[in-house]
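A look at the structure
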Amino acid sequence: MLTGSCLCGDIAFEIDGPLDLIAHCHCSMCRKFHGAAFATYTGAAPEHFHWRQGEDKVVHYRSSANGWRNFCPRCGAAVPACPEGGPFAAVPLGNVAEDPGIRPSSHWFVGSKAPWHDIPDDVPRHDTYPPEFAADAVATDFPRRAAATPGATGGSCLCGAVTFEFDGQPELMVNCHCSRCRRAMSAAFATMTMVPADAFRWLSGEDDLVNYKMPEAKVKGTAFCRLCGSQMPRLRTVDQMQIPTGCLDGDPGARPAANIFTASKAAWSVVDERLPGFPDAPV
Ligand SMILES: [Zn+2]
Ligand SMILES: [Zn+2]
Ligand SMILES: [Zn+2]
């Protein structure tokens with residue numbers, strides 16, 4: 001039995017049967033929705049997928065003709081999507097608490113991969129879907145927007161309501177594997193980009209932001225678009241914005257400087273050993 005929940009715990013689910021494959025998806029929609037370098041999903045047959053609580057709270061955002069992105073309206077974490085009559089419940093693996101036993105078998109939409117992420121493993125890669133899915137998908141950068149100010153780096157949520165930009169170079173980009181980041185991003189790990197608060201500006205949709213603060217944590221919180229659930233920037237300290245890098249529309253130039261909290265990494269996640277690594281917080 002596998003169990004999972006959003007970051008705040010309002011929405012929880014369990015899986016009491018075998019999983020379908022696990023795949024990493026690098027498409028621009030997954031990156032924006034999760035705010036991460038890529039998303040990792042598995043599938044469970046409908047008869048083996050059960051909501052434990054909070055099903056009535058789930059917000060359903062229609063991201064494409066047949067795509068739904070479900071999220072928690074309190075904390076913004078992604079939660080499973082179970083299309084009516086569909087063969088599988090699509091489960092974001094970052095929200096599953098236990099080791100699923102099986103490991104990711106492919107990378108999807110590598111043709112749309114973030115420029116700041118290097119894939120560290122030998123798992124088979126596909127530009128779009130793997131051929132056995134016979135989908136005539138094309139790599140897409142949707143929705144990519146140019147920054148309003150020349151030279152700035154822009155970002156936005158999946159639905160486009162929230163847009164922002166920042167000037168200059170980020171102060172730091174880091175991959176965090178802690179269990180809170182994994183549940184907040186609903187992904188293998190978070191890639192956070194830190195920029196000075198005075199270099200950052202909202203361009204639209206600030207009223208559509210929801211901020212969630214974890215009750216037991218001193219600084220850990222999330223911000224997300226209330227309409228589409230995309231992870232969004234938030235003030236980390238009075239003078240620093242923390243940006244979930246997946247929501248950027250442009251290449252910020254910076255690359256991850258380190259992996260942190262690697263002792264807490266997901267069992268199925270491969271840490272890029274080419275970067276400096278810290279088992280917990282860097283000293
Ligand atoms: Zn929640
Ligand atoms: Zn995707
Ligand atoms: Zn949005």
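Owing to the predicted nature of the structure, the values given are computational and were not obtained by experimental measurement.

1. So, the coordination of the zinc ion (ligand 2)
All of the protein donors around the zinc ion (ligand 2) are Cys-25 (SG), Cys-27 (SG) and Cys-30 (SG); their distances to the metal are 2.2 to 2.3 Å. Sequence spacing of the donors to the zinc ion (ligand 2): C-x1-C-x2-C.

2. Observations concerning the coordination of the zinc ion (ligand 1)
Coordination sphere of the zinc ion (ligand 1), protein contribution only: Cys-6 (SG), Cys-8 (SG), Cys-72 (SG) and Cys-75 (SG), at 2.3 to 2.4 Å. Donor residues for the zinc ion (ligand 1) sit on one chain with the sequence pattern C-x1-C-x63-C-x2-C. On the criterion of sequence distance, the pair formed by Cys-6 in the loop between strand 1 (2–5) and strand 2 (12–15) and Cys-75 in the loop between strand 7 (67–71) and strand 8 (78–79) is long-range, its members being 69 residues apart. By relative accessible area, which is 1% here, Cys-75 ends up buried.

3. Points about the pattern of salt bridges
Pairing between side chains becomes possible if they bear opposite charge and their charged atoms approach one another. Within this structure, the stated rule accounts for nine salt bridges. The partner of Glu-14 in a salt bridge is Arg-52, and the shortest N-O contact between them spans 2.7 Å. Of this pair, Glu-14 sits in strand 2 while Arg-52 sits in strand 5 (residues 49–53); the two residues are 38 residues apart in sequence, bridging distant segments of the chain. Asp-251 is the salt-bridge partner of Arg-255, the closest N and O atoms lying 3.0 Å from each other. When its relative accessible area of 40% is taken as the criterion, Asp-251 is described as partly exposed.

4. A few points about the domain arrangement of the chain
Domains assigned within the chain are domain 1 (2–132) and domain 2 (153–264). Domain 1 and domain 2 are separated by 19 Å when their C-alpha centres are compared. Taken together, the contact pairs 31 residues of domain 1 with 38 residues of domain 2. Between domain 1 and domain 2, the buried area comes to about 2700 Å², and carbon and sulfur atoms account for 59% of it. Considering only the surface of domain 1 that becomes buried against domain 2, Leu-7, Lys-32 and Trp-116 emerge as the three largest contributors, covering 32% of it.

5. Brief notes about the packing of aromatic side chains
Two measures describe an aromatic ring pair: the distance that separates the ring centres and the angle between the ring planes. Scanning all chains against the criterion turns up nine aromatic pairs. With 4.9 Å between their ring centres and 80° between their planes, Phe-109 and Tyr-129 make a pair best called edge-to-face. In this pair, Phe-109 sits in the loop between strand 10 (106–108) and strand 11 (153–156) while Tyr-129 sits in the loop between strand 10 and strand 11, placing the two residues 20 residues apart along the sequence. Phe-109 sits in the buried class, given a relative accessible area of 6%. Put simply, the rings of Phe-13, Phe-49 and Trp-51 pair up and form one aromatic cluster.

6. Topic: the nonpolar core
Formed by 30 residues in total, the largest nonpolar core has its most connected members in Phe-200, Met-232 and Ile-243. Counting only elements with at least two residues in this core, the list comes to strand 3 (19–25), helix 1 (28–34), strand 4 (39–44), strand 12 (163–166), strand 17 (221–225) and strand 20 (240–244). Shared between two domains, this core takes at least three residues from each, and those domains are domain 1 (2–132) and domain 2 (153–264). Counting 21 residues, the second-largest nonpolar core is a separate cluster that includes Val-91, Leu-93, Ala-266 and Trp-268.

7. So, the sheet that holds strand 11
Pairing is antiparallel in the open sheet, where three strands are placed in the order 11-12-15. A strand with exactly one partner marks an edge of an open sheet, and here the two such strands are strand 11 and strand 15 (200–204). Neighbouring strand axes in the sheet, compared pairwise and without regard to direction, differ in orientation by 25° on average. Note: strand 12 against strand 15, four bridges, orientation antiparallel. Within the sheet, the bridge partner assigned to Phe-164 lies in strand 15 and is Trp-202.

8. Section: the sheet that holds strand 19 (residues 234–237)
With respect to topology, five strands assemble into an open sheet ordered 19-20-14-13-21, the strand pairing being mixed. Both outer strands of the open sheet, strand 19 and strand 21 (259–260), are each paired with one neighbouring strand and no more. Sheet topology places strand 14 (residues 190–196) next to strand 20; five bridges connect them, and they run antiparallel. Within strand 20, the position partnered with Thr-193 by the bridge is Ile-243.

Reading the values: the criteria
- Residues numbered from 1 in each chain as written.
- Chains lettered and ligands numbered in written order.
- Predicted model: local features only at pLDDT ≥ 70, side-chain atom pairs only at ≥ 80, totals over all residues.
- Heavy atoms only, no water.
- Donors = N, O, S within 2.8 Å, 3.2 Å for Na, K, Ca; no water.
- Helix = DSSP H or I, 4+ residues; strand = E, 2+ residues; numbered from the N terminus.
- Buried < 20%, exposed > 50% of the residue type's maximum accessible area, 1.4 Å probe, protein only.
- Salt bridge = Lys/Arg side-chain N within 4 Å of Asp/Glu carboxyl O.
- Domains from an automatic or database assignment.
- Contact = heavy atoms within 4.5 Å.
- Buried area = accessible area lost by both parts, 1.4 Å probe.
- Phe/Tyr/Trp six-rings, centres within 6.5 Å; stacked < 30°, edge-to-face > 60°.
- Core = buried A, V, L, I, M, F, W, Y, C linked by side-chain atoms within 4.5 Å.
- Pairing = 2+ DSSP bridges.
- Axes fitted to C-alpha atoms, helices over the stretch in contact; angles between N-to-C directions.

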